[in-house]
Amino acid sequence: MEKVIVKAPLSGVIYPIEQVPDPVFSQKMVGDGISIDPISNELTAPLGGQVTQLHSAGHAVTITHSSGLEVMLHVGIDTVALKGKGFDALVEEGQAVQAGDKLIVFDLDYVATNAKSLLTQIILTNGEIIAGVEKAEGRAESGQTDLMTVTIAEDGGLEDEGGGVESVSEAVIIPNMTGLHARPAAVLAGLAKKFAARIELIKGEERANAKSVVGIMKLNVAYRDKVQLRAVGPDGEAAVAEILPELQSGLGDEGTAPVISPASVEIPEEMTPAQGPKSGDPDLLLGVAAAPGIAVGTAVRIQEERFEYEEEAEDSHRENVRIDAAIEESKNYLEALQMNLHMHSDPAKAAIFAAHREILDDPDLLDITRSLIAKGKSAEYAWQKSYSSYADQLAVLKNEVLAGRANDLRDVGKRVLRILTGKEAEELQLPGSAILLAEELTPSFTATLDTEKVKGFCTTTGGATSHVAILARALDIAAVAGIEAAILEIEDGTPLILDGNRGTLRINPSDELREETLSRQAAIKEQKEKDLAASGEPAVTKDGKRLEVVANIGGLEGARESIKLGGEGVGLLRSEFLFLERTTAPTEDEQYEVYRDILLALDGYPLIVRTLDVGGDKPLPYLPMPVEENPFLGQRGIRIGLERPEIFRAQARAVLRAGAHGRICIMFPMIATIQELRDARAMLAEEQEKLGVEPIEVGIMIEVPSTAVMAEQFAREVDFFSVGTNDLTQYSLAMDRGHPKLAAKIDAMDPAILRLIELAVKGAHQHGKWLGICGGLASDPDAVPILIGLGVDELSVSVPALPSIKAEVRKWTVADCQLLAEKSLNAISGSEVRELVGNAR
């Protein structure tokens, strides 16, 4: 592979690009590179090539090497605002230069006193052709120091050289309803990178490097756009042959069917197979259950909102004033929305929009926006680029909670764009029983839905933990997320049945099925009313065994609501809600006050606090953590507490102090080894001794198979277990529970999971310890008899499920449950287990 030497264009001190006080550079939005704090005022060519770009302000120039490598030299930070003053360009665009040739002379004193910084960036702007970079450190001498040694990838040359064969495809029509957005663009780039040939995607007169996701997306390829592939290189023909059918069939977007142009040559059907529905039934689409309930209604498609604006602007001061005014107006709207939701729904959900207001004050978001404005961009362009960049970074995180927050960021971003462009939000014309179909919905849109008309919605993105799903549950709207993309092709007015309990959508149901579903809805409503009326009674089986039914909560409001619905305590307080969506860690006193207030609200019932459960998949702004290839198998849960003991100890002290106000227990997440447990207990014991308070009960989450297998050994060292079936299931089945293609296959009723729970129960009871279930399985009525039969002592469920789960316990005898559990352990799948339960009812 070819190596290209980039010489220092200036003399001065070398700084890593990550330390540049401009997020556009430090976050490598332009590309990787290096920075120099200059002591010389002549910018020289760092390598031979052609001047392919010279900014009119004279502060930035790009040199393209014969290898295709593009090197941008940017003198100072926000120097575009100087409008050329202090700079004298010595070259022109298109001019050939040699390494060491003078490019720009600038006034050091003037720039230093009138710009944000003199730091000069040397940026490699086309990273897709780079295989590796070695960077110098210390001091640079202009024209002498080898600043960077760049290894060009084998497919990096952008010139049609070397006698490669050129292959150009026929024109094809894009079948993706939402165009080549991030997901199909990433698939296309991944396919293209398999080949050595240079591959381009062509749309009209525009073209993009098909190995660059950003390049593809910049083409703005929409539904039914005509495109071609062009490949140059020894394997160019093979590249076109392999990629073209994938492009025609939608690059994996489910439910996308090939679109054949009448003017084109007919393509044999076997070359472009449309992917069938997961269910095998074209009228039954599958997704992830996001909010419970059943909706019978008609389809209403929600189209993605688009904005039109200019990219460039002349007056940076005016653009800054405009963005400030738009942000302030957005804050006022969100405050009103927050107050309305607080009064009429759940105050905990209103906090979502408090978090949205915090996003508008995010310093990095504003820094990027202002930096781009200073570089001559309009307020609209700068804001859109800023929030989209952050949202895209969040969207690819493996953790479904943080990935879901990308939608929150886009929601906030679009609200500001709407104000900047003067575009009014389109008013929906809704039928009496609407079921909304969309790629994604924003939280603010969801919160303002007319629930008299909207009975449910489906989205192709998102999951059960997104803010949209949380709001749907608060508003009692059935919802399915991560559903097949075929929903985007359903015509408005099509009759539908949405089942938010099972995560399904039935298209064009028969009249008989509609009537049957409506009858089932009425029966469910009647049963819910009965369960609520009896929620204050204990959960006792027909033959006298009592189970504790407690709540999973995320704050004080959840505790208060749980008592109203018959909860007998809190089996899981997700304490990370105290730590998320803020810029500093909560203090010991702040945490103590929350735990104390929850204990007082519980009025004698117990509270179990799970210690902070974050990691590389759930980063905190004040807790820097390296990005991990697989954060679910990295530093998370108790491992973070052990690595950052100051955070763990502050939380432990707050929990211990709160014990003066009621029965409080502490629970450690993601314990995988005995040593992790012992290390955490040792720190807890030290803080207890310092405070001079009584010891409290200590438990662990069973979330990884190793802990379940070794439950007997762990039981000797703890007071209780709580099984987190969500993580236990995904770790045991090796399936990400937030993955839209795998979520439907994940079932905590799988016999493998039930056997792990059985092991944990036996290990606990052997040493006289109790075991609860705090994962989603505890809130599943079908699972209740199985868990009773396995010997589970406590069920910790979502707050709304408290009445129905207590009612479910009362329907069974222990003997019947044990027989059912035994049969379930010998089943071969979760669906077979559910069938066993259905037959036993």
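For the structure, check the block above.
Summary of the structure given here. (Residues numbered from 1 in each chain as written. Predicted model: local features only at pLDDT ≥ 70, side-chain atom pairs only at ≥ 80, totals over all residues. Heavy atoms only, no water.)

## Describing the overall build of the chain
Scanning the chain for helices and strands turns up 26 helices and 36 strands. Burial statistics for the chain: of 841 residues in total, 53% are counted as buried. Surface accessibility of the chain: about 36,300 Å² in total, with carbon and sulfur atoms responsible for 50%. (Helix = DSSP H or I, 4+ residues; strand = E, 2+ residues; numbered from the N terminus. Buried < 20%, exposed > 50% of the residue type's maximum accessible area, 1.4 Å probe, protein only. Areas by Shrake-Rupley, 256 points an atom, 1.4 Å probe, with all protein chains shown as cover.)

## Thoughts on the sheet that holds strand 20 (residues 284-286)
One open sheet holds the eight strands; their spatial order is 20-27-26-22-23-24-25-21, and the pairing between them is mixed. The two strands at the open ends of the sheet, each matched to only one other strand, are strand 20 and strand 21 (288-291). Taking each pair of neighbouring strands and ignoring which way they run, the sheet shows an average axis angle of 30°. The pairing of strand 22 (residues 294-301) with strand 23 (residues 434-438) spans four bridges and is classified as parallel. Note on strand 23: the bridge partner recorded for Thr298 is Ala434. Here helix 13 (residues 511-533) sits on the sheet and contacts strand 22, strand 26 (495-499) and strand 27 (504-507); the angle it forms with strand 22, its principal contact strand, is near 125°. (Pairing = 2+ DSSP bridges. Axes fitted to C-alpha atoms, helices over the stretch in contact; angles between N-to-C directions. Contact = heavy atoms within 4.5 Å.)

## Observations regarding helix 25 (residues 814-825)
Residues that lie three or four places apart on an α-helix share one face, since the helix turns once every 3.6 residues. For helix 25, which comprises twelve residues, the first-to-last C-alpha distance of 16 Å matches the rise-based estimate of 16 Å (1.5 Å per residue) to within 8%. Among the residues making up helix 25, those that are buried are Val814, Cys817, Leu820, Ala821, Ser824 and Leu825. Along the long axis of helix 25, the arc covered by the buried residues comes to 135°, so they all point the same way. Contacts made by the buried residues of helix 25 are with helix 22 (751-766), helix 23 (784-790) and helix 26 (830-840). (Expected span 1.5 Å × (residues − 1). Arc of directions from axis to C-beta.)

## Concerning unusual backbone geometry
Positive phi, close to 50°, is recorded for Asp603, a residue that is not glycine. Positionally, Asp603 belongs in the loop between helix 15 (588-602) and strand 31 (607-610). Taking relative accessible area as the criterion, Asp603 reaches 67% and is therefore assigned exposed. Even without glycine at this site, Met670 takes up a positive phi of about 55°.

## Observations regarding the packing of aromatic side chains
Per the stated rule, a full pass over the model turns up four aromatic pairs. Both rings, one in Phe720 and one in Trp770, keep their centres 4.8 Å apart while their planes meet at 5°; by these two values the pair is stacked. Residue Phe720 is located in strand 34 (residues 720-723), and its partner Trp770 is located in strand 35 (residues 770-773); the two are separated by 50 residues in the primary sequence. Residue classification places Phe720 among the buried residues on the basis of a relative accessible area of 0%. The class of Trp770 is partly exposed, set by a relative accessible area of 22%. (Phe/Tyr/Trp six-rings, centres within 6.5 Å; stacked < 30°, edge-to-face > 60°.)

## Describing the side chain of Ser386
With respect to the helices and strands, Ser386 occurs in helix 9 (residues 379-395). Within the structure, Ser386 has its side chain in polar contact with the side chain of Thr369 (distance 3.4 Å). Apart from residues no more than four positions distant in its own chain, Ser386 is found in contact with Leu365, Ile368 and Thr369. (Polar contact = N/O pair within 3.5 Å; in protein donor to acceptor, adjacent residues only side chain to side chain.)

## Considering the environment of Ala672
With respect to the secondary-structure elements, Ala672 resides in the loop between strand 32 (664-668) and helix 18 (674-691). Judged by its relative accessible area of 16%, Ala672 falls in the buried class. With 38 residues separating them in the primary sequence, Ala672 and Met710 have C-alpha atoms 9.5 Å apart. Apart from residues lying up to four places away in sequence, Ala672 is in contact with Arg639, Val704, Ser706, Thr707 and Phe714.

## Observations regarding the nonpolar core
Counting 80 residues, the largest nonpolar core has Phe668, Phe721, Ile757 and Leu795 as its most contacted members. Broken down by element, the residue count for this core peaks at seven residues, all from helix 22. When residues no more than four places from it in sequence are discounted, the contact partners of Phe668 are Thr611, Ile638, Phe648, Leu677, Ala680, Arg681, Leu684, Val698, Gly699, Ile700 and Met701. Counting residues in hydrophobic clusters, the runner-up holds 38 residues, among them Leu47, Val71, Leu73 and Val91. (Core = buried A, V, L, I, M, F, W, Y, C linked by side-chain atoms within 4.5 Å.)

## Overview of a nonpolar patch on the surface
A surface patch of nonpolar side chains, about 240 Å² in accessible area, is lined by Val709, Met710 and Leu759. Take Met710: it is sitting in the loop between helix 19 (705-709) and helix 20 (711-715). (Patch = residues over 30% accessible without salt bridge, like charges linked within 9 Å, V, L, I, M, F, W, Y side chains within 5 Å. Salt bridge = Lys/Arg side-chain N within 4 Å of Asp/Glu carboxyl O.)

## Remarks on the pattern of salt bridges
Scanning all chains against the criterion turns up 45 salt bridges. Between Glu576 and Arg610 there is a salt bridge, with its nearest N and O atoms 2.5 Å apart. Here Glu576, found in the loop between strand 30 (570-574) and helix 15, pairs with Arg610, found in strand 31; they are 34 residues apart in sequence, far enough to count as distant. Owing to a relative accessible area of 5%, Glu576 belongs among the buried residues under this scheme. Its relative accessible area of 7% is what places Arg610 among the buried residues. A salt bridge links Arg663 to Glu697, with the nearest nitrogen and oxygen atoms 3.2 Å apart. In this pair, Arg663 is assigned in the loop between helix 17 (645-658) and strand 32 and Glu697 in strand 33 (residues 697-702), connecting sequence segments 34 residues apart. Under the relative-accessibility criterion, Arg663 is labelled partly exposed at 39%. Note on Glu697: relative accessible area 26%, which makes it partly exposed. Where salt bridges share partners, they join Glu588, Asp589, Arg649, Arg653, Arg657, Glu686, Glu687 and Lys690 into one cluster.

## Thoughts on the sheet that holds strand 9 (residues 96-97)
Remark on secondary structure: sheet strands pair via backbone hydrogen bonds, oriented parallel or antiparallel. Taken together, eight strands build an open sheet; the order of strands is 9-5-6-7-11-3-2-13 and the sheet is antiparallel. Edge positions in the sheet fall to strand 9 and strand 13 (139-140), since each of these pairs with one other strand and no more. As paired elements, strand 2 (residues 12-16) and strand 13 share two bridges and run antiparallel to each other. In the sheet register, Val13 faces strand 13, and the bridge partner there is Arg139.

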